[in-house]
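Notes for the structure review
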Amino acid sequence: MPTSENGSPPVYREIAEELRGQIRSGRYADGDRLPGENTLMERHGVARATARQALSVLINDGLAVAVRGSGIYVRLFRPVRRHGARRLSQELWGNGRAIWQTDSEDRGYEVDSIDVSEAAAPEHVARALELPEGARVLRRSRRYLVDGRPVQSAVSHLPLAVVESRGDSPAARRVREHDTGPGGIYARLAELGHAPAHFTEEIRVRMPTPEERSELAIAAGTPVLEVARTALTGQHRPVEFNEITMDGSAYVLQYDFDA
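Quick caveat, the model's predicted, so the values are computed rather than measured. (Residues numbered from 1 in each chain as written. Predicted model: local features only at pLDDT ≥ 70, side-chain atom pairs only at ≥ 80, totals over all residues. Heavy atoms only, no water.)

A word on the packing of aromatic side chains. Evaluated as defined, the whole model comprises two aromatic pairs. Of the aromatic side chains, those joined through ring pairs into one cluster are Trp93, Tyr186 and Phe199. (Phe/Tyr/Trp six-rings, centres within 6.5 Å; stacked < 30°, edge-to-face > 60°.)

So, in structure tokens, the structure goes:
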């Protein structure tokens, strides 16, 4: 923590810590409006820039969110624990459970903003799915909410050759619907004869685009986790490429390994 010339924390840090302590003690609950710049200026005898810095600390730490034209509000949220391997096990989706159930078994989650359409695969998608240039894919985009808060958006791309491999079968029809049924996309791929057997994920951290900040209601200064996941069959044929964007303040990523 930076300090002033006399070795003590800067005044804005002291104000931020005081507010943080009041949030932790329950004086300010989730959704409560925090004291504004004018109140902090009067209460602590500081300049507006100092009051603004103090509030920015809480915003950047994910404890508060600024609502334009209204003020700064407490935003307490228990992070979602995302278990990388367990959530993708065939035992889970093969038995009709959604992979999301491992992330939020004791919490309410929902899926909204669903859009399903055919499209030409962008170059990076075609490359991940080992498709020729201009190949078409089934594109499924959706947003996920936990406890009413948007935490993640995802866009899956499935080769049309895979989706249509068994003609107008129930699985082929269901994968085009908003509700893909028990076990989700991976269970439908298995019914189509293309069961995922391997997954690979690449994760990077970056700042969100303006569209992502709006869609996920991301607080200023908060990064996103970008996950690119490819599902492959036992013959290592890629059958889905999923681009996932997660609010970095809403997740804990857990990975277990044997030595």
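So, next bit.
The next point concerns the side chain of histidine 157. Counting through the fold element by element, histidine 157 comes out in strand β6 (residues 149–159). Only 3.1 Å separates the side chain of histidine 157 from the side chain of glutamate 243, close enough to count as a polar contact. Not counting the four nearest positions on each side in its chain, histidine 157 is found in contact with Val125, Leu129, Val137, Leu138, Arg139, Val239, Glu240, Phe241 and Glu243. (Helix = DSSP H or I, 4+ residues; strand = E, 2+ residues; numbered from the N terminus. Polar contact = N/O pair within 3.5 Å; in protein donor to acceptor, adjacent residues only side chain to side chain. Contact = heavy atoms within 4.5 Å.)

This brings us to the nonpolar core. If you look at the biggest cluster of nonpolar residues, it comprises 29 residues, and the most contacted ones within it are Trp100, Val151, Leu158, Tyr186, Leu189 and Tyr251. Only α4 (90–93), β5 (136–146), β6, α6 (160–163), α8 (184–191), β8 (224–232) and β9 (238–247) provide two or more residues apiece to this core. Counting residues per element, this core draws most heavily on α8, which supplies four residues. Look past the residues within four positions of tyrosine 251 in its chain and what remains in contact with it is Pro79, Val80, Arg82, Trp100, Val151, Gln152, Leu225 and Met246. Ranked by size, the runner-up nonpolar core spans 22 residues in total, among them Tyr28, Leu34, Leu40 and Ile72. (Core = buried A, V, L, I, M, F, W, Y, C linked by side-chain atoms within 4.5 Å. Buried < 20%, exposed > 50% of the residue type's maximum accessible area, 1.4 Å probe, protein only.)

Our focus in this paragraph is a nonpolar patch on the surface. Taken together, the side chains of Ile203, Tyr255 and Phe257 present a nonpolar region at the surface, about 330 Å² in accessible area. Relative to the helices and strands, isoleucine 203 resides in strand β7 (residues 198–206). (Patch = residues over 30% accessible without salt bridge, like charges linked within 9 Å, V, L, I, M, F, W, Y side chains within 5 Å. Areas by Shrake-Rupley, 256 points an atom, 1.4 Å probe, with all protein chains shown as cover. Salt bridge = Lys/Arg side-chain N within 4 Å of Asp/Glu carboxyl O.)

Take the environment of leucine 92 next. Within the fold, leucine 92 resides in helix α4. Remark: the alpha-carbon pair of leucine 92 and threonine 102, spanning 10 residues in sequence, is separated by 8.8 Å. Setting aside residues up to four positions removed in sequence, leucine 92 forms contacts with Arg86, Arg87, Arg97, Ala98, Ile99 and Thr102.

As judged from the four bridges shared by strand β1 (residues 64–67) and strand β2 (residues 71–74), these two strands associate in the antiparallel manner. For valine 65, the partnering residue across the bridge sits in β2 and is tyrosine 73. Linkage of β1 to β2, two consecutive antiparallel strands, is achieved through a turn of three residues, within which glycine 69 is found at a positive phi near 80 degrees. (Pairing = 2+ DSSP bridges.)

Next up on the list: unusual backbone geometry. The phi dihedral of serine 113 falls on the positive side, at around 55 degrees, and the residue is not glycine. In this fold, serine 113 is placed in strand β4 (residues 109–120). Positioned with a positive phi, histidine 236 is a non-glycine residue whose angle comes to about 60 degrees. Examined against the element boundaries, histidine 236 turns out to sit in the loop between β8 and β9.

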